[in-house]
Structures are given as C-alpha cells and as structure tokens.
Amino acid sequence: MIKGKEIPISIFNWGPCVVKLKIEPEFKKLLEDEAKLNTEDYRSKLAGILDHETGYGVESKNKILPALSQYIGVYDQAFQKYTMKAYEKPPEYVLSALWVNYQKPNDFNPPHDHDGKLSFVIYLKIPEELKKEHDKYIGKSCGPGGIQFLYGNGPRDAITYMSFMPEEGDMFIFPAWLKHWVAPYKSDCTRVSVSGNFHDQAPLNNIVSFYPKYSKEKEKTTSELIREGYEKEKKMREDEEE
C-alpha cells in the first residue's frame, strides 16, 4: 500500500542536552598557564577520590571568563535547537566554581552530579600511555580514563548512558544535575581536566563572587559576554552577505 512512497517522519530528542566541542589552542594554553598559579585545595568540595585537585583564583577566573563564556553561548544555541524552542528570556549565568583535576593511576571519580545550572569539563592532557591502555580495553563500560554520562532507566533498547574516551582539547557542556563518572586506569601517567559550574539567576547573597569588590561596577556578567558574542557573530554574517 505504501510501497514506493516516501513517508515523512519526526524523531524526537529525549533526555538531557549534552554538547561536545573542541576549544581553541589559545584557550587551552590559558587554562594550563593559569592552573600553575592555583593554590586552593579543592578536594573537600568534590566527589573524586583524587590526591590533587585545585581551584582557580580570582585573577585567573577574570582572565578565563571572556573566552569561556563564548562556549557557553554555543551551548545555549545548541540547547534551543535541541528543544526546538527559543528562550523566552536568555539565561543569566554566574560562574560559581572552576577547578583542575589531576587524575593518576587508580584514582577514581564515582557517579556524581554538580551544583548549579550548567557544568562542563575540558581536557588538557590525555597521555599516550592512557590512550594505549584504553585501546586494549575490550569491556562494555567507558574504559580506562573514559567518561560516562548516565540518565534514566529503561530496557536494553533505550539509551540510558553515553560513553566517551576524550581527546585533548575536548569540551563537554551538560546540565549540572546529570550524573557522570570517570573510570580509573593503571598506566603511570596523569590525566588533566578542568571542570566548572554555572548558576542561573542565583541570588548574589547566596553565591561567593569571584570579582574584586573595587571593580564591581566595571564587571561584565557571563550573559553580557555571551550576548556580545552573538552580536559579533551576527555582524560577521551580515558583512558576508553584503
């Protein structure tokens, strides 16, 4: 009856929106350089069983935020396409945490979620020894040094997890409530990643501002920086059309 006819269909996106992208080399270098200045021990604030996790300082966050906000802007655009619905009001983001994870052999990051609205992870170093160990893995999990996102329950034909072996420069942006975990490995090397959280419209008295008080009037919010990025991109498209 329908042989030879095309049948239009719709496929519905389901579950959380997770975006994977590649950061620019200059931004990666900035994160690496500023991480060397970290002095705050972040372990008591995190779920990981790692010996070395440090938080970025005030000045470092100020340097990092302008570039970081552009990638959050990309997520916002992707989210609206994913949900097929434009924002009625653009989110107002505040960067509430930014830290570095130095994972070593047998270190483990158990299933956990984050505080805030959005979270992200950026990979600064994935050693060759770890890549080789992962290539030899024949199991069904994310494998040594891999990351796995977990969502929902269902039968075997439902997608309830996504696994990735990251590469240097990879960035994942995802809802802060989305559970995820990182597998341990045996290779004698250090896997380095940067993670952070953004709050949406958080009351200022409930969040510790990382900006110096004396520059409060001059500071730009993440949302303002994102809008600047939108306007710049829009102008570039208009110039190309002309």
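Relevant structure appears above.
Residues numbered from 1 in each chain as written. Predicted model: local features only at pLDDT ≥ 70, side-chain atom pairs only at ≥ 80, totals over all residues. Heavy atoms only, no water.

(A) Main features of the overall build of the protein. Summing up its helical and strand segments, the protein has 4 helices and 11 strands in all. Excluding contacts between residues fewer than 6 apart, the proportion of contacts in the protein whose partners are at least 24 apart in sequence is 82%. (Helix = DSSP H or I, 4+ residues; strand = E, 2+ residues; numbered from the N terminus. Contact = heavy atoms within 4.5 Å.)

(B) View of the sheet that holds strand 7 (residues 147-150). The 4 strands are arranged 5-10-7-8 in an open sheet whose pairing can be described as antiparallel. Two strands bound the open sheet, and with one partner strand each, they are strand 5 (109-112) and strand 8 (161-164). Here the average twist between neighbouring strands, direction ignored, is 15 degrees. Here 2 bridges tie strand 5 to strand 10 (residues 179-182), and the two strands are oriented antiparallel to one another. Following the sheet pairing, Asn109 is matched in strand 10 by Val182. (Pairing = 2+ DSSP bridges. Axes fitted to C-alpha atoms, helices over the stretch in contact; angles between N-to-C directions.)

(C) Seen up close, the sheet that holds strand 6 (residues 118-125). Strand order in the open sheet formed by 7 strands is 1-9-6-11-4-3-2, and the pairing between neighbours is antiparallel. Either end of the sheet is taken by a strand with one partner, and the two such strands are strand 1 (19-22) and strand 2 (40-41). Taken together, the 5 bridges between strand 6 and strand 9 (residues 170-175) define a ladder with antiparallel strand orientation. Following the sheet pairing, Ile122 is matched in strand 9 by Met171. Packing of helix 1 (residues 25-35) onto the sheet brings it into contact with strand 4 (93-103), strand 6 and strand 11 (191-200), and relative to strand 6 it is tilted by some 85 degrees. The strands touched by helix 2 (residues 58-83) are strand 1, strand 4, strand 6, strand 9 and strand 11; relative to strand 9, the strand with the most contacts, the crossing angle is about 65 degrees.

(D) Quick look at helix 3 (residues 128-136). Of the positions making up helix 3, those classed as buried are Leu130, Glu133 and His134. Axial view of helix 3: buried residues confined to an arc of 100 degrees, hence all on one face. What points out from helix 3, more than 90 degrees from its buried face, is the exposed set Lys132, Asp135 and Lys136. Lining the buried residues of helix 3 we find strand 11. (Buried < 20%, exposed > 50% of the residue type's maximum accessible area, 1.4 Å probe, protein only. Arc of directions from axis to C-beta.)

(E) Focus on the pattern of salt bridges. Scanning all chains against the criterion turns up 11 salt bridges. Here Lys29 ties to Asp33 by a salt bridge, and the two come within 2.7 Å at their closest N and O atoms. Separated by 4 residues within a single helix, Lys29 and Asp33 lie in helix 1, roughly one turn from each other. For Asp33, a relative accessible area of 30% puts it in the partly exposed group. The shortest N-O distance in the salt bridge between Asp33 and Lys36 comes to 4.0 Å. For Lys36, a relative accessible area of 68% gives the class exposed. Taken together, the shared-partner salt bridges connect Lys20, Lys22, Glu167 and Asp170 into one network. (Salt bridge = Lys/Arg side-chain N within 4 Å of Asp/Glu carboxyl O.)

(F) A look at a nonpolar patch on the surface. Together, Ile7, Ile9 and Ile11 make up an exposed nonpolar region whose accessible area comes to about 380 Å². Topologically, Ile11 is positioned in the segment before strand 1. The exposure class assigned to Ile11 is exposed, which follows from its relative accessible area of 71%. (Patch = residues over 30% accessible without salt bridge, like charges linked within 9 Å, V, L, I, M, F, W, Y side chains within 5 Å. Areas by Shrake-Rupley, 256 points an atom, 1.4 Å probe, with all protein chains shown as cover.)

(G) Up close: the side chain of Glu53. Here Glu53 is to be found in strand 3 (residues 53-55). Despite being buried, Glu53 has no salt bridge partner; Arg43 is the closest side chain of opposite charge, sitting 6.1 Å away. (Lys, Arg positive; Asp, Glu negative; His and termini not counted.)

(H) Region of the structure containing the environment of Leu21. Within the secondary structure layout, Leu21 lies in strand 1. Each C-alpha atom, one on Leu21 and one on Val74, is 9.3 Å from the other, the two residues being 53 residues apart in sequence. Aside from chain neighbours lying at most four places away, what touches Leu21 is Tyr71, Val74, Gly169, Asp170, Met171 and Ile173.

Read these as spatial facts, not as claims about activity.
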